[in-house]
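Structural overview for review
This is what each chain is made of:
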Amino acid sequence: MKSKLAIKVGVSLPAELHKALEDARRKLGKSRSALLQEALKEWLEARRIERMVRRYQEGYLASPESAEEIRAAEAAAGELLAKEDWL
């Protein structure tokens, strides 16, 4: 999401949040803009992952594995684990 065009925005923050922002940016040696950009990117990525997990869960609930599929997965896992060198 790299863009050469930067758009300035005004944001109102509660005093405690502003102080935390200033403390963090000084400690990290970053500009306010850089820190807010990083935080927003992380927040957006977390929401994307949450949506993916929710879609996976909904899909699983709509079509869970059968008892036969569970037994096959357990057998395959047992075979793989038996091949491991356990010291």
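Details of the structure are given in the entry above.
All values derive from a computational prediction rather than experimental measurement.

**Section: the environment of Leu 80**
Mapped onto the elements of the fold, Leu 80 is located in helix H3 (residues 67-82). It is 15 Å that separates the C-alpha atoms of Leu 80 and Ile 70, two residues lying 10 residues apart in sequence.

**Overview of the packing of helix H1 (residues 15-28) against helix H2 (residues 32-62)**
At a minimum axis separation of 9 Å, H1 and H2 run at an interaxial angle of 105 degrees. In terms of orientation, H1 lies roughly perpendicular with respect to H2. Note on element contacts: H2 touches H1 through Arg 32, Leu 35 and Leu 36, opposite Leu 21, Glu 22, Ala 24, Arg 25 and Leu 28. When the residues that make up the contact of H1 with H2 are grouped by side-chain class, the tally is five nonpolar, no polar and three charged.

About the cut-offs
Residues numbered from 1 in each chain as written. Predicted model: local features only at pLDDT ≥ 70, side-chain atom pairs only at ≥ 80, totals over all residues. Heavy atoms only, no water. Helix = DSSP H or I, 4+ residues; strand = E, 2+ residues; numbered from the N terminus. Axes fitted to C-alpha atoms, helices over the stretch in contact; angles between N-to-C directions. Parallel < 35°, antiparallel > 145°, perpendicular 65-115°, else oblique. Contact = heavy atoms within 4.5 Å. Nonpolar A, V, L, I, M, F, W, Y, C, P; charged D, E, K, R; others polar.

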